[in-house]
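If you want the building blocks of each chain, they are given just below.
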Amino acid sequence: MLTDTPVQAAIPASDMERAKRFYRDTLGLTISREAEDAVHFESGGTQFFIYPTSGAGQAPHTLAAWLVADLDAEMADLRARGVTFEEYDLPGLKTVNGVAELPTMRGAWFKDSEGNILAVSQPREG
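Treat the numbers as computed from the prediction; the structure is a model and nothing was measured.

Pairing within the open sheet is mixed, and its four strands lie in the order S1-S4-S3-S2. Strands with a single pairing partner mark the edges of an open sheet, and in this sheet they are strand S1 (9-13) and strand S2 (30-35). The mean inter-strand angle of the sheet, taken between neighbouring strand axes irrespective of direction, is 25°. In terms of strand pairing, strand S3 (residues 38-43) meets strand S4 (residues 46-52) through five bridges, oriented antiparallel. Considered in S4, the bridge of Phe41 is made with Phe48.

Attention now goes to the sheet that holds strand S6 (residues 89-90). A sheet is described by the order of its strands in space; here six strands give the open sequence S5-S10-S9-S8-S7-S6, paired in mixed fashion. Each edge of the sheet is formed by a strand with only one pairing partner; in this case those strands are strand S5 (62-67) and S6. Two strands pair when backbone bridges link them, and S6 and strand S7 (residues 93-96) are joined in this way by two bridges, in the antiparallel orientation. Each bridged residue has a counterpart across the sheet, and for Asp89 the counterpart in S7 is Lys94.

With that out of the way, let us pick up the pattern of salt bridges. This model, assessed by the stated rule, comprises nine salt bridges. Between Glu114 and Arg18 there is a salt bridge, with the nearest N and O atoms lying 2.8 Å from each other. Remark: Arg18 occurs in helix H1 (residues 16-26) and Glu114 occurs in the loop between strand S9 (105-111) and strand S10 (117-123); sequence separation between them is 96 residues. By relative accessible area, Arg18 is classed as partly exposed at 32%. A salt bridge links Glu101 to Arg106, with the shortest nitrogen-to-oxygen separation between them at 3.0 Å. Taken together, the shared-partner salt bridges in this structure form one network comprising Asp72, Glu101, Arg106 and Arg124.

Let us look at H1. Met16, Ala19, Lys20, Phe22, Tyr23 and Thr26 are the residues of H1 that are buried. Residues of H1 that are buried sit in contact with S1, S2, S3, S4, S9 and S10. Positive backbone phi, approximately 75°, marks Gly28, located one or two places after H1.

Bringing the environment of Met16 into the picture now. Here Met16 is to be found in helix H1. Along the backbone, Met16 and Gly28 are 12 residues apart, and their C-alpha atoms lie at a distance of 16 Å.

Looking now at the pairing of S3. Of all six residues in S3, five are buried; the element is thus mostly enclosed. Both S2 and S3 contribute to a ladder of five bridges, which runs antiparallel. Counted as the bridge partner of Ala35 is Ala38 from S3. Count of turn residues in the S2/S3 antiparallel hairpin: two residues. Here S3 folds back onto S4 in antiparallel fashion, the turn holding two residues, of which Gly44 has a positive phi close to 60°.

A few words now on the nonpolar core. If you look at the biggest cluster of nonpolar residues, it comprises 24 residues, and the most contacted ones within it are Tyr23, Leu27, Ile50, Phe85, Phe110 and Val120. Per-element tally for this core: the top contributor is H1, with four residues.

Cut-off values and rules
Residues numbered from 1 in each chain as written. Predicted model: local features only at pLDDT ≥ 70, side-chain atom pairs only at ≥ 80, totals over all residues. Heavy atoms only, no water. Pairing = 2+ DSSP bridges. Helix = DSSP H or I, 4+ residues; strand = E, 2+ residues; numbered from the N terminus. Axes fitted to C-alpha atoms, helices over the stretch in contact; angles between N-to-C directions. Salt bridge = Lys/Arg side-chain N within 4 Å of Asp/Glu carboxyl O. Buried < 20%, exposed > 50% of the residue type's maximum accessible area, 1.4 Å probe, protein only. Contact = heavy atoms within 4.5 Å. Core = buried A, V, L, I, M, F, W, Y, C linked by side-chain atoms within 4.5 Å.

Written as structure tokens, this is what we have:
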């Protein structure tokens, strides 16, 4: 049954107003629905939502990623909007100017207003 059902990312926020401003104003996403317990956003024909919790920003891994056609252009646009990309030097993952060159993709990570890790990635052809 789940194979026929859409899935949504659920992203925690310790300050809902601040998080809403980040996703709406900084990332330029459209709010599709707003309630006391969640704010839903549209992105590329899919949806995700933010929800209030004191546990925001504690995950040490990526919570959501956007697949993009041109990583460099997307990063330039996000940087112009005030987004700062993370730098990593870990076994199997090293970034240079925010970009990791991996066998199947090029990727970059940034944090939202709540400290959650998000990514943009460009799949490699072939």
